[in-house]
Amino acid sequence: MATIHISKDNFFHNLNQLALKAGSKERLAVVLKDNAYGHGLTIMAGLAAEYGITQAVVISVEEAERIRSYFDQILILNGTPFPDETFSFAVTDLRQLSAIDPAARIELKVDTGMHRNGIVMEELEEALAIIRNRSLGLVGVMTHYRSADVLSSEWYWQKKNFETVKQTVRSSGFKNVRFHSHNSAALLRSKHFNEDMARVGIAIYGYNELPEVYDPVPLRPVLSLYAGRTSTRHLPSGARIGYGGDYTVAKSATVSTYDLGYGDGWLRGDAARPYVTAEGLPILGRVSMDFISLEGDREVVCVMDDAQAAARHFGTISYEMTTMLSPSIPREVV
Ligand SMILES: *Cc1c(COP(=O)(O)O)cnc(C)c1O
């Protein structure tokens, strides 16, 4: 059976490293959106809470409800605000503001350059005026960087824009508003983190997508993916394996079928350029919806123990490798 192992030691190691960067674990909000980047929402919420993390970020109310009991504060990135002691809601559009229940807790997202979500800077004063006039519950002001992971000056002008936003909010008389802008890349890059909170996603799972010139913070992959053997056969030289018979056995070989495929969120890739498992076994022929073939007859194989390395093979990023993994694969903490 395909299974995912979650390493508690590695997760706690990453949280230690990130808490050092942020100044304390109280300043870390763990980003658990999209089934905790494929790691398993409630498992990761439970471990984060056990470590002492008190804040989380998710995409939907549905996700937030499932982890409510683990955290003091949960920020919902894409949901309609309603009054709640634990939940706060990112508000990303000026037009939303006139309809929000004043008892709801909201965090204004400002577009400082990514141009995807958030109130544009030119509308900030108008947004603050509506918030004041309607006595809305503004508890935070946030932004998101488009290029914190790229070696360029881009990050700096966006940071400067956010400083301007902070000044505008403060000089408009708002108090008890928290400011946050850092994702993993920004936190890993920053030398003197001084905001109220960092929203860390990919780094808690053990990946640093920054170019190597930055001081590397040692992180360890939390997830590893295993597949189980469903059958074994001894094939003669010249036998061809899988759809299209793309792989031809050179010398007679023992070949086994394992229960992982693109139906589980594993990438199909290109049979002519096979992925090599964590244990050094190339996938033989095409990946099927639910099965792959590997040489040998081991009962269980570790397909992946480093999603960043796998991502390089498939021409994608660690985020996609893990987030695609089907929620139906059993996850266990080791
Ligand atoms: C996903 C997300 C993050 C986390 O980003 P990482 O690069 O995984 O650290 C932070 N903030 C917002 C608004 C996000 O959507």
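Only a predicted model underlies this, so the values are computations on that prediction, with no experimental measurement involved.

1. Structural notes on the overall build of the chain
Argument step 1. Looking only at helices and strands, one finds nine helices and 17 strands in the chain.
Argument step 2. Expressed as lengths along the three principal axes of its C-alpha atoms, the size of the chain is roughly 80 × 40 × 35 Å.
Argument step 3. In the chain, buried positions account for 53% of the 334 residues.
Argument step 4. In the chain, 63% of the contacts between residues at least 6 apart in sequence involve partners at least 24 apart.
Argument step 5. Side-chain charges in the chain split into 34 positive and 39 negative, and the spacing between the mean points of these groups amounts to 3 Å.

2. A word on the site of the ligand
Argument step 1. Neighbouring the ligand are 13 residues, the closest being K33, Y37, S184, I202 and Y319.
Argument step 2. S184 places a polar side-chain atom, nitrogen or oxygen, 2.5 Å from an oxygen atom of the ligand.
Argument step 3. Separating an oxygen atom of the ligand from a backbone N or O atom of I202 is a distance of 2.8 Å.
Argument step 4. Taken by itself the ligand offers 390 Å² of open surface, and the protein chains cover 92% of this.
Argument step 5. For the shell around the ligand, the secondary structure elements donating two or more residues are α2 (33-37) and β10 (198-200).
Argument step 6. Of the residues belonging to the shell around the ligand, the class tally is six nonpolar, four polar and three charged.

3. Some words on the pairing of strand β11 (residues 223-235)
Argument step 1. Sheet topology places strand β1 (residues 3-6) next to β11; four bridges connect them, and they run antiparallel. Each bridged residue has a counterpart across the sheet, and for H5 the counterpart in β11 is S224.
Argument step 2. Sheet topology note: the β11/strand β16 (residues 300-304) ladder contains four bridges and is antiparallel. Looking across to β16, one finds that A227 is bridged to V301.
Argument step 3. Alignment of β11 against strand β14 (residues 253-258), held across six bridges, turns out to be antiparallel. Paired with H234 across the strands is T254, a residue of β14.

4. A short note on the environment of D111
Argument step 1. Of note, D111 is situated in strand β6 (residues 105-111).
Argument step 2. Placed 183 residues apart in sequence, D111 and L294 show a C-alpha to C-alpha distance of 48 Å.
Argument step 3. Those residues within four positions of D111 in sequence are excluded, and the remaining contacts are R116, N117, G118, I119, V120 and M121.
Argument step 4. There is a polar contact of 2.9 Å between the side chain of D111 and the backbone nitrogen of H115.

5. Some words on the pattern of salt bridges
Argument step 1. Tallied over the full model, the rule gives 11 salt bridges.
Argument step 2. As a salt-bridge pair, E50 and K8 come within 2.5 Å of each other at their nearest N and O atoms. One end of the pair, E50, is in helix α3 (residues 41-51); the other, K8, is in helix α1 (residues 8-22), and 42 residues separate them in sequence.
Argument step 3. Its salt-bridge partner being K166, residue E195 comes within 2.9 Å of it at the nearest N-O pair. With a gap of 29 residues between them, E195 in the loop between α7 (184-189) and β10 and K166 in helix α6 (residues 154-171) connect regions that are remote in the sequence. For the residue pair E195 and K166, the accessibility class agrees, reading buried in each case.

6. Focus on the packing of helix α5 (residues 124-133) against α6
Axes are the key here: two packed helices are described by the angle between their axes and the distance separating the axes.
Argument step 1. Look at α5 against α6: their axes get within 11 Å of each other, and the N-to-C directions meet at 35°. Seen from above, α5 lies across α6 with right-handed handedness. Within the contact between the two elements, α5 uses L124, E125 and L128 and α6 uses V165, T168 and V169.
Argument step 2. Looking at the contact of α5 with α6, its residues break down into four nonpolar, one polar and one charged.

7. Some points on the packing of aromatic side chains
Argument step 1. With the rule as written, the count across this model stands at 13 aromatic pairs.
Argument step 2. Pairing F162 with F179 gives two aromatic rings, centres 6.4 Å apart and planes at 75°, and the pair type is edge-to-face. Of this pair, F162 sits in helix α6 while F179 sits in strand β9 (residues 178-180), and the two are 17 residues apart along the sequence.
Argument step 3. When its relative accessible area of 0% is taken as the criterion, F162 is described as buried.
Argument step 4. What makes F179 buried here is its relative accessible area of 6%.
Argument step 5. Plain terms: the ring middles of W266 and F314 are 5.6 Å apart, the flat faces sit at 85° to each other, and that makes the pair edge-to-face. Placement of the pair is W266 in the loop between β14 and β15 (292-295) and F314 in helix α8 (residues 307-314), with a sequence separation of 48 residues.
Argument step 6. Among the aromatic residues, those joined into a ring-pair cluster are F11, F12 and Y51.

8. Some thoughts on the domain arrangement of the chain
The figure often quoted for interface size is the accessible area lost as the parts come together.
Argument step 1. By domain assignment, the chain separates into domain 1 (8-205) and domain 2 (223-333).
Argument step 2. Computed from C-alpha atoms alone, the centre-to-centre distance between domain 1 and domain 2 is 37 Å.
Argument step 3. With 10 residues of domain 1 at the contact, the number on the domain 2 side is eight residues.
Argument step 4. The contact between domain 1 and domain 2 buries some 860 Å² in all, and 66% of this surface belongs to carbon and sulfur atoms.
Argument step 5. Three residues, Y37, H39 and I202, lead the burial of domain 1 against domain 2; their summed loss comes to 47% of the area buried on that side.
Argument step 6. On inspection of domain 1 and its partner domain 2, the count reaches zero salt bridges.
Argument step 7. The tally of links from domain 1 across to domain 2 stands at three residue pairs in polar contact (both at pLDDT 80 or more).

The rules behind each value
Residues numbered from 1 in each chain as written. Predicted model: local features only at pLDDT ≥ 70, side-chain atom pairs only at ≥ 80, totals over all residues. Heavy atoms only, no water. Helix = DSSP H or I, 4+ residues; strand = E, 2+ residues; numbered from the N terminus. Buried < 20%, exposed > 50% of the residue type's maximum accessible area, 1.4 Å probe, protein only. Contact = heavy atoms within 4.5 Å. Lys, Arg positive; Asp, Glu negative; His and termini not counted. Charge placed at Lys NZ, Arg CZ, Asp CG, Glu CD. Near = heavy atom within 4 Å. Polar contact = N/O pair within 3.5 Å; in protein donor to acceptor, adjacent residues only side chain to side chain. Areas by Shrake-Rupley, 256 points an atom, 1.4 Å probe, with all protein chains shown as cover. Nonpolar A, V, L, I, M, F, W, Y, C, P; charged D, E, K, R; others polar. Pairing = 2+ DSSP bridges. Salt bridge = Lys/Arg side-chain N within 4 Å of Asp/Glu carboxyl O. Axes fitted to C-alpha atoms, helices over the stretch in contact; angles between N-to-C directions. Left-handed = near helix turned anticlockwise from the far one by under 90°. Phe/Tyr/Trp six-rings, centres within 6.5 Å; stacked < 30°, edge-to-face > 60°. Domains from an automatic or database assignment. Buried area = accessible area lost by both parts, 1.4 Å probe.

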